[in-house]
Amino acid sequence: MGTLRDAKLLGGIGSILMLLIPIVGEILIIIAAKYISEVTKDESIFKNVLYAMIFIILGVIVGVAVLYGSLFAALMMFPNIFAFFTSLFLFLIVVFIFYLLGAIFLKRGFERIAEIFNVGYFRTAALLYLLGAILTIVLVGIIVIIVAIIFMIIAFFSLPEQLPPQPQQLVPPPPT
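Owing to the predicted nature of the structure, the values given are computational and were not obtained by experimental measurement. (Residues numbered from 1 in each chain as written. Predicted model: local features only at pLDDT ≥ 70, side-chain atom pairs only at ≥ 80, totals over all residues. Heavy atoms only, no water.)

**Structural notes on the overall build of the protein**
Along the protein, the regular secondary structure elements total six helices and zero strands. Overall size of the protein, expressed as C-alpha extent along the three principal axes, is 85 × 35 × 25 Å. Here the protein, with 176 residues, has 41% of them falling under the buried criterion. Of the contacts made within the protein by residues no fewer than 6 positions apart, 67% connect residues no fewer than 24 positions apart. Total accessible area on the protein stands at roughly 9900 Å², and carbon and sulfur atoms take up 75% of it. (Helix = DSSP H or I, 4+ residues; strand = E, 2+ residues; numbered from the N terminus. Buried < 20%, exposed > 50% of the residue type's maximum accessible area, 1.4 Å probe, protein only. Contact = heavy atoms within 4.5 Å. Areas by Shrake-Rupley, 256 points an atom, 1.4 Å probe, with all protein chains shown as cover.)

**Here we look at the nonpolar core**
Formed by 41 residues in total, the largest nonpolar core has its most connected members in Ile36, Phe110, Ile113, Phe117, Phe122, Tyr129 and Phe156. Secondary structure elements with two or more residues in this core: helix H1 (4-20), helix H2 (22-40), helix H3 (43-76), helix H4 (81-117), helix H5 (120-135) and helix H6 (141-157). Of the residues forming this core, the biggest block, 10 residues, is contributed by H4. Contact partners of Ile36, with chain neighbours within four places excluded, come to Leu4, Ala7, Ile45, Ile113, Phe117, Phe156 and Leu159. (Core = buried A, V, L, I, M, F, W, Y, C linked by side-chain atoms within 4.5 Å.)

**Let's talk about unusual backbone geometry**
Look at Asn118: it is not a glycine, yet its phi comes out positive at around 60 degrees. Following the sequence through the fold, Asn118 ends up in the loop between H4 and H5. Under the relative-accessibility criterion, Asn118 is labelled exposed at 68%. In this structure, Leu139 takes a positive phi of about 70 degrees despite not being glycine.

**Description of H1**
Under the 1.5 Å per step criterion, the end-to-end length of H1 is 24 Å for 17 residues, consistent within 8% with the ideal 24 Å. Of the positions making up H1, those classed as buried are Leu4, Ala7, Lys8, Gly11, Gly12, Gly14, Ser15, Leu17 and Met18. (Expected span 1.5 Å × (residues − 1).)

**Concerning the packing of H1 against H2**
Put simply, H1 and H2 touch, their axes get as near as 7 Å, and they point 160 degrees apart. By the angle class used here, H1 and H2 are roughly antiparallel. Seen along the crossing, H1 lies across H2 with a hand that is left-handed. Here Leu4, Asp6, Ala7, Leu10, Gly11, Ile13, Gly14, Ser15, Leu17, Met18 and Leu20 of H1 lie close against H2, whose contacting residues are Pro22, Val24, Gly25, Glu26, Leu28, Ile29, Ile31, Ala32, Tyr35, Ile36 and Val39. Classifying every residue of the contact of H1 with H2 gives 16 nonpolar, four polar and two charged. (Axes fitted to C-alpha atoms, helices over the stretch in contact; angles between N-to-C directions. Parallel < 35°, antiparallel > 145°, perpendicular 65-115°, else oblique. Left-handed = near helix turned anticlockwise from the far one by under 90°. Nonpolar A, V, L, I, M, F, W, Y, C, P; charged D, E, K, R; others polar.)

Written out as structure tokens, the structure reads:
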């Protein structure tokens, strides 16, 4: 079982690596979410972040496959500008769908982390990632996703190393 310190370090490094080597960064974020989930005893955090990263990774893989396949078909079979833009449009649709699904799950997981630890950067990162996923259809989303990843870096490095004390539940006294 990992600690919050491990989650903080792995999540921060993973977020940085998402800008450089995305697949490695995403795996480290999954591990960080697992540690956070274990410490907080809230399995939904891990599940949501895991599903998010799976959709994001699949989005890149399927998107690139669709782009290469459709570009190959467009340039070899129907060499014209219309075929090129059709393949580019198909690529954007596929990436849009997978990134949107991933962003929805990431938002759920990060909002739960923000709620437990009172680190608002997780909410901001999740919201920006969702907006970036929506805007990928017009290519501006990639810039917004980069900004979201920067907020993820800040969020993970802002995690406390100890679980904050939970507020006491006020129980009314027994009737006399």
